[in-house]
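# Coordinates in review
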Amino acid sequence: MKHSLLAAGGILGVSALLLSACATEPASSDDPVTITYSNFTSAGGNEENLQTIIDAFEAENPNVTVDVTTLPYGDYFTTLQTDLAAGTVADLVDTNYDFFPQLASSGSLAPLEVTNPESYRESLIDAYSVDGVSYGLPSSFSDVVLYYNADLFDAAGLDYPTSDWTWSDEMAAAKALTDAGTGTWGSHQPVSFYEFYKVLAQNGASFLNDDGTAVAFNTPKGIEAAEWLTSKSGTVMPTIEQGQGTADFDTNLFLEGKLGMMHSGIWVFGALAEAPFAWDIAVEPGNTQQASAVFSNAVGVSAASDHIAEASAFAEFLTSSQTMVDVRLDSGWELPPTSDEDQLAVYLTKDTPANRQAVFDSLDSIALTPLVEKGQQEMQDIVTEELIEAQAGRKSVAEALASAEERINAVIG
Amino acid sequence: MALSTVGITPAETITTPQAGGVRRRRTSAGYVLTVCAFLLPSAIPLALFVLGPMIAAAWISFTEWNLITPMEFIGWANYQSLLADERTGEVFLHTLQYIAGYLPLVYIGGLALALALNRALKGRSLWRGIYFLPVVTSWIAVAIVWRWLLNPNNGVVNVALGWFGIDGPGWWTDPDWAMVSIILASAWKDLGFVMVILLAGLQSINPDLYDAAKVDGAGPWSRLKNVTIPMLSPSTFFVVVISLINGFQVFDQVYAMTGGGPGGSTQVVVQQIYDLTFRYGAAGEASALSWLLFIVILAVTVIQIIGQKKWVHYA
């Protein structure tokens, strides 16, 4: 056993030497190189759009081949962590804003020399930098808006939602649209962490205290926000027992023409393209103020990659090339992270939905995901679990928030 | 399907302890080599995929590690925090609740099936095949079907209950019924496995015993109680040991049916190990919990092996 361990150690040592020798030797630009890219952002409908961008990159860089792996969002981060632990991580990987700090602080990502920082939206490129050094390039961003079925509004004789709507406007319309006879529901909003920090902001409350060491939502305003989120279930929104909370439940119900309004991200545009009724979007209603959730994704180059230069070049192409901008705007695959507002103007001219201006108006008042140094995922899981307890009526909203406060402070403190 | 082979193997496994000592004295070098050659194909994967990871997990359990940053040695801290954490007790309690519901159900159901299919019955092999099918079906497929069957709103079970005027429960959406849902699906899936083992046990019972019992005037119930059940005890022992080990390790069905919810009501030990490792970046604590689970399973199994002398009868 001891001998074989020594032998294994020896082999590892030799291969490490060989690997480092490979890494330091500058690769000739003509040598064919294959880089691997692991992503979740194209999963579920945009695989071909990603391939279009890759084809364009390979045409410009004939010596580089991009080998792409696409995983569903739900499996992606588990796989990424396992790959990092096993040393089998791809040269280029996707990340989102929530997971980025963990990835960057672990030393898993190579620092990037960005040749064209001015072509990215400033807030986005900053979001993936640590002390002024980029460890990721933003690849897309999206926000959450209020979708509405215009035909249902017409039938009920209601005015369409506008960007000035408040919670009470939404609730009044939702009640008018809900019809048990036809199985039509007024408004759907997921009961989860990602909705909660946003409705807190919409009510002038905040999720964390100023220095991020404890939660700050267990206040009258916080309880009112949680009440707003959990009280729809069973009145203007189906209950969990009726299927609420399962994957794509809201999108499917909306597509069936049985949902008046839904709070969802602009990534659903594609899925709603074939809807057999008129629909549009508006900025999400607030209570004391408006606040919208913005999500962004980025790509980072693995620090362990043997092809950092090639992977960085592809990362830049994937996040700032004209091809990428065209593909994304054409297909409505979220929004390109470009700083060029003129390019985004094209986006506004496309129809379905007509009110695309709401996508940009939502950016005027953003609720950022609360981030903590330790226990991010557990914090998110606790919030969602406790809110669902309140939604199902097993706890009062006040009890649920008090319990969430106690549990989360024990984790993040 | 080669059910007959499947049926025979476990019976032989069961009788092994009894036949164990027969060839003990042959220890020539050639004989040892031959034995090793036969053991090697299973010993290598066992070392690579079981012993290796176990030792690695023991090491990881003394570190703080989130899979992506370097490990940091912290001694017994993971074990201390686990033992102080009330959630550890909860996940073991949920696991025991699962076992308490699952084991009697799967044993009694499996025994009833085995007794039924041990008789001369038209299409007997076909029935055995049908009842064994769930055993070889993927848990993910089974979980999806059972979630649908037990859908509180429009699932088959609640619709059928409605015909009798019964308002069905919320099943996997209700913390009081979620574990019941998992137990029902699990018992249904494993019924065929228990049936096959017990069937093999039934077939190895000497028919003379039944004839003798009949001569003595024993009725069907008495024959079951005084011949079948005692003679089946080695198979029963095997089923109980295996089911308890599998029960403590319950995971796939929980992951696929409830993910530990609602409200953490089905959070079992292995689901907690999974969450700690892959959701909460606490692979060290998860490894420590794995070792605690291993110690519990080992202790339970040793107690059973010691206890079997009192109730297991090898013919």
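Residues numbered from 1 in each chain as written. Chains lettered and ligands numbered in written order. Predicted model: local features only at pLDDT ≥ 70, side-chain atom pairs only at ≥ 80, totals over all residues.

## Observations regarding unusual backbone geometry
The residue after B:Gly261, namely B:Pro262, is reached through a cis peptide bond having omega -10°. Its location among the elements puts B:Pro262 in the loop between α12 (252–257) and α13 (269–279). Phi angles above zero are rare outside glycine, and A:Asp248 is one such case at about 60°. Mapped onto the elements, A:Asp248 comes out in the loop between α9 (220–230) and α10 (249–255). Residue A:Asp248 is classed as partly exposed on the basis of its 13 C-beta neighbours within 10 Å. For B:Trp171, which is not glycine, the phi dihedral falls at a positive 45°. Among the secondary structure elements, B:Trp171 is positioned in the loop between α7 (156–163) and α8 (178–203). A residue is classified by how many C-beta atoms lie within 10 Å of it, and B:Trp171, with 25 of them, is buried. (Helix = DSSP H or I, 4+ residues; strand = E, 2+ residues; numbered from the N terminus. Buried ≥ 20, exposed ≤ 12 C-beta atoms within 10 Å, placed from the backbone.)

## What to know about the packing of α9(A) against helix α17 (residues 397–412) of chain A
Residue and element names in this part refer to chain A. Interhelical geometry of α9 versus α17 gives an angle of 115° and a closest axis separation of 9 Å. For α9 against α17, the interelement crossing comes out right-handed. Mapping the contact onto sequence places Gly222, Ile223, Ala226, Glu227 and Thr230 in α9 and Val397, Ala398 and Leu401 in α17. In the contact of α9 with α17, the residues fall into five nonpolar, two polar and one charged. (Axes fitted to C-alpha atoms, helices over the stretch in contact; angles between N-to-C directions. Left-handed = near helix turned anticlockwise from the far one by under 90°. Contact = placed C-beta atoms within 7 Å. Nonpolar A, V, L, I, M, F, W, Y, C, P; charged D, E, K, R; others polar.)

## As for the pairing of strand β10 (residues 292–301) of chain A
All names here are of chain A. Burial of β10 is extensive: nine of the ten residues sit out of reach of the surface. Here strand β3 (residues 92–96) runs beside β10; their pairing, made up of five bridges, is antiparallel. If you follow Val93 over to β10, its bridge partner there is Gly300. (Pairing = 2+ DSSP bridges.)

## Some remarks on the interface of chain A and chain B
Of the residues lining the interface, 18 residues belong to chain A; the matching set on chain B comes to 15 residues. Counting residues per element, the ones that place at least two in the side of chain A that touches chain B are α3 (73–86) and α16 (376–391) of chain A. Sorting elements by how many residues they give to the side of chain A that touches chain B places α16(A) first, with six residues. Looking at side-chain class alone, the side of chain A that touches chain B contains five nonpolar, seven polar and six charged residues.

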